[in-house]
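The lines below spell out each chain.
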Amino acid sequence: MNDAYIEYMIKRNNTFAGLAARIASVLLVVICVMLYPILNIIAFGISVIAAYLVRYTFQTTSVEFEYIYFAGECRIDKIMAKRKRKSCMKVELERVEIIAPEGSEALKSYENKDCITKKFVSGTEEGKKYIIYERKDSDLIKIIFEPNEAILKAMQAHSPRKVIL
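Residues numbered from 1 in each chain as written. Predicted model: local features only at pLDDT ≥ 70, side-chain atom pairs only at ≥ 80, totals over all residues. Heavy atoms only, no water.

*Asks:* Go over the pairing of strand E7 (residues 130-136) with me, naming the residues and quoting the values.
*Replies:* Across the 7 residues of E7, 5 count as buried, placing the element largely inside the fold. Relative to E7, strand E5 (residues 96-101) is paired through 5 bridges, and the arrangement is antiparallel. Within E7, the position partnered with Ala100 by the bridge is Ile131. Linking E7 to strand E8 (residues 139-145), which pair antiparallel, is a turn of 2 residues; within it Asp137 sits at a positive phi near 55°. (Buried < 20%, exposed > 50% of the residue type's maximum accessible area, 1.4 Å probe, protein only. Helix = DSSP H or I, 4+ residues; strand = E, 2+ residues; numbered from the N terminus. Pairing = 2+ DSSP bridges.)

Spelled out as structure tokens, the structure:
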């Protein structure tokens, strides 16, 4: 059998909102520490809560996506702060209608259809985005991701009519 196991990871760039949240949470801790001589125990309690807020903010704004392809199935995981893994999506090629590069002519027939959109991309212009349309029950799901050539070729070897390179 042609069962390839391929892993590929991309890092999501920080957005302006994520960067602003990081700066605001750190500033809150600094302000609480500066207010400690005036407010004593209240400022200490608020600074402890603010420190947890800083930790949470940095964890949620540091995100990587890992694409794992094996035997006709592509799993997409979200890794937060290089510690916590969350499985986001499992794509089975049997249910996929088409996989094509963003802006491809093959995707024109899907433009006006109602679908649920899920994005697992880095947010940079350099990455080549691909779109998967998958049918789950009666829902059409549009998945935007940035795979490498090895994953695309393995998918095409499994389902040559569904994958357009």
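*Asks:* I'd like a rundown of the pairing of strand E4 (residues 84-92), residues and numbers included.
*Replies:* With 8 bridges connecting them, strand E3 (residues 73-80) and E4 associate as antiparallel partners. Bridge assignment links Arg75 to a residue of E4, and that residue is Lys90.

*Asks:* Residue-level account of the packing of helix H1 (residues 16-34) against helix H3 (residues 41-61), with values.
*Replies:* For the pair H1 and H3, the least separation of the axes is 8 Å and the interaxial angle reads 160°. Comparing the axis directions of H1 and H3 gives the class roughly antiparallel. H3 is crossed by H1, and the crossing has left-handed handedness. For the pair formed by H1 and H3, the contact residues are Gly18, Ala21, Arg22, Ser25, Val26, Leu28, Val29 and Cys32 on the first element and Ala43, Ile46, Ser47, Ala50, Ala51, Leu53, Val54, Thr57, Phe58 and Thr61 on the second. When the residues that make up the contact of H1 with H3 are grouped by side-chain class, the tally is 12 nonpolar, 5 polar and 1 charged. (Axes fitted to C-alpha atoms, helices over the stretch in contact; angles between N-to-C directions. Parallel < 35°, antiparallel > 145°, perpendicular 65-115°, else oblique. Left-handed = near helix turned anticlockwise from the far one by under 90°. Contact = heavy atoms within 4.5 Å. Nonpolar A, V, L, I, M, F, W, Y, C, P; charged D, E, K, R; others polar.)

*Asks:* I'd like a description of the sheet that holds strand E1 (residues 5-11), backed by residues and values.
*Replies:* The strand order E1-E2-E3-E4 describes an open sheet built from 4 strands, whose pairing is antiparallel. Two strands in the sheet have a free side with no partner beyond their single neighbour: E1 and E4. With direction set aside, neighbouring strand axes in the sheet form an average angle of 20°. Packed onto the sheet, helix H4 (residues 149-158) meets E1, strand E2 (63-70) and E3 and runs at close to 35° relative to E2.

*Asks:* Kindly report on the packing of aromatic side chains, identifying the contributing residues and their values.
*Replies:* Taken as a whole, this structure holds 6 aromatic pairs when the rule is applied. Note on Tyr36 and Phe44: the rings are 6.5 Å apart at their centroids and 65° apart in plane angle, and the pair reads as edge-to-face. Of the residues examined, Tyr36 reaches a relative accessible area of 42% and is grouped as partly exposed. When the ring of Phe65 is compared with that of Phe120, the centres are 5.6 Å apart and the planes differ by 75°; the resulting orientation is edge-to-face. With Phe65 in strand E2 and Phe120 in strand E6 (residues 116-120), this residue pair connects regions lying 55 residues apart in the sequence. Neither Phe65 nor Phe120 differs from the other in exposure class; each is buried. An aromatic cluster is built from Tyr8, Tyr67 and Phe145, whose rings are joined through pairwise contacts. (Phe/Tyr/Trp six-rings, centres within 6.5 Å; stacked < 30°, edge-to-face > 60°.)

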